[in-house]
Amino acid sequence: AATSKIDPLVSIHFGTYISATSVFCLALSNSVTASALFVVILSIGESIWSPRWYDYTMSMTTEGREGTYMALSSAPLFLAKMPVGFMSGWLLQKYCPEGGESHPQAMWLIIGVTSIISPILLTFLWPYVSKKDDRQRPKRTIFFDMKL
């Protein structure tokens, strides 16, 4: 409800930055406080972008095809499961081996860098992603000055 007056794509963009930066709390410290801060920041980011994801999906649907669009909007999350599973296993083996010296902050830094790629790409591709149709292109592309 708090973001209902903001364009869904802008909310998604802003929320993904917040969610992605939450991981860096764990890259800076492996304390309980850092873990709690990670969860709080991630939750705030998710609460901004996640509900608006469905609004954005529904705004692109054609009449009678809403169910198909909603199902396809979950496809990226589903397709990411396999590579993320392999990556997490590899990172845990390399940076937090059983019985060996562990480096969890390095592991979380790598996860943070991979997480921040999506919102950064969205920023650079904003003029193309935010086009409403072929004739309309946004004039402003600075992150906090997006007008749709």
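Asks: Honestly, the overall build of the protein chain in this entry has me stumped. Any pointers?
Replies: A tally of helices and strands in the protein chain yields seven helices and zero strands. Considering only intrachain contacts with a sequence separation of at least 6, the fraction spanning at least 24 residues in the protein chain is 55%. When the accessible surface of the protein chain is totalled, it reaches about 10100 Å², and 65% of it is carbon and sulfur.

Asks: How do you make sense of the layout of surface pockets when you look at a structure like this?
Replies: One water molecule sets the probe size; rolling that probe over the atoms shows where empty space is left. What the largest pocket holds in volume is close to 1200 Å³. In terms of lining residues, the largest pocket is bounded by 33 residues, among which W49, L77, A80, S115 and S118 are the most central. Contributions of two or more residues to the lining of the largest pocket are made by α1 (8-22), α3 (32-60), α5 (75-95) and α6 (104-124). For the lining of the largest pocket, the leading source of residues is α3, giving ten residues. Residue composition of the lining of the largest pocket, by class: 20 nonpolar, eleven polar and two charged.

Asks: Sorry, what's going on with the environment of S130 here?
Replies: In this fold, S130 is placed in the segment after α7 (126-129). Considered as a pair, S130 and L9 are 121 residues apart in the sequence and their alpha carbons are 7.3 Å apart.

Asks: Honestly, the environment of L72 in this entry has me stumped. Any pointers?
Replies: The residue L72 is located in helix α4 (residues 66-73) in this model. Since its relative accessible area comes to 57%, L72 is described here as exposed. When the C-alpha positions of L72 and T57 are compared, they lie 9.2 Å apart, and in sequence the two are 15 residues distant.

Asks: Where do I start with the nonpolar core in this structure?
Replies: It is characteristic of soluble globular proteins that their nonpolar side chains tend to be buried jointly. With five residues, the main nonpolar core is built from V23, C25, L26, A34 and F38. The set of elements that each furnish at least two residues to this core consists of α2 (24-28) and α3.

Asks: Could you clarify how one ought to interpret the confidence of the model for the protein chain in this entry?
Replies: Interpretation of this model should avoid reading the predicted coordinates in detail wherever pLDDT is low. Across the protein chain, pLDDT averages 83, with 86% of residues at or above 70. When pLDDT is averaged over each element of the protein chain, α2 comes out on top at 96 and α4 at the bottom at 80. With pLDDT under 50 throughout, residues 134-148 is counted as low confidence; its partners more than four residues away or in other chains account for 28 contacts.

Asks: Before we go on, may I ask you to explain the packing of α5 against α6 in this structure?
Replies: In helix packing, the relevant descriptors are the interaxial angle and the interaxial distance, both defined with respect to the helix axes. Orientation of α5 relative to α6, taken along the N-to-C sense of each, is 155°, at an axis distance of 9 Å. Judged by the inter-axis angle, α5 sits roughly antiparallel to α6. Note that α5 runs across α6; the crossing there is right-handed. Note on element contacts: α6 touches α5 through P104, A106, M107, I110, I111 and T114, opposite M87, L91, L92 and Y95.

Asks: What is the right way to look at a nonpolar patch on the surface in this model?
Replies: On the surface, L109, V113, I117, I120, L121, F124, L125, Y128 and V129 cluster together into a nonpolar patch covering about 830 Å² of accessible area. At the level of secondary structure, the elements contributing two or more residues to the nonpolar patch comprise α6 and α7. When you line up the elements, V129 lands in helix α7. Overall, V129 belongs to the partly exposed group, its relative accessible area being 32%.

Asks: Got a minute to help me understand the packing of α1 against α6 in this structure?
Replies: Viewed as axis vectors pointing N to C, α1 and α6 meet at an angle of 155°, and their least axial separation amounts to 8 Å. In terms of orientation, α1 lies roughly antiparallel with respect to α6. The two elements α1 and α6 meet at a crossing, and its hand is left-handed. Within the contact between the two elements, α1 uses H13, T16, Y17, A20 and T21 and α6 uses S115, I116, P119, I120, L122 and T123. Among the residues forming the contact of α1 with α6, the class breakdown is six nonpolar, five polar and no charged.

Scoring rules and cut-offs
- Residues numbered from 1 in each chain as written.
- Predicted model: local features only at pLDDT ≥ 70, side-chain atom pairs only at ≥ 80, totals over all residues.
- Heavy atoms only, no water.
- Helix = DSSP H or I, 4+ residues; strand = E, 2+ residues; numbered from the N terminus.
- Contact = heavy atoms within 4.5 Å.
- Areas by Shrake-Rupley, 256 points an atom, 1.4 Å probe, with all protein chains shown as cover.
- 1 Å grid on protein atoms, 1.4 Å probe; cavity = no way out; pocket = protein on both sides within 12 Å on 5 of 7 lines; lining within 4 Å.
- Points joined across faces, edges and corners; volume = space filled by probe spheres on them.
- Nonpolar A, V, L, I, M, F, W, Y, C, P; charged D, E, K, R; others polar.
- Buried < 20%, exposed > 50% of the residue type's maximum accessible area, 1.4 Å probe, protein only.
- Core = buried A, V, L, I, M, F, W, Y, C linked by side-chain atoms within 4.5 Å.
- pLDDT = per-residue confidence, 0-100.
- Axes fitted to C-alpha atoms, helices over the stretch in contact; angles between N-to-C directions.
- Parallel < 35°, antiparallel > 145°, perpendicular 65-115°, else oblique.
- Left-handed = near helix turned anticlockwise from the far one by under 90°.
- Patch = residues over 30% accessible without salt bridge, like charges linked within 9 Å, V, L, I, M, F, W, Y side chains within 5 Å.
- Salt bridge = Lys/Arg side-chain N within 4 Å of Asp/Glu carboxyl O.

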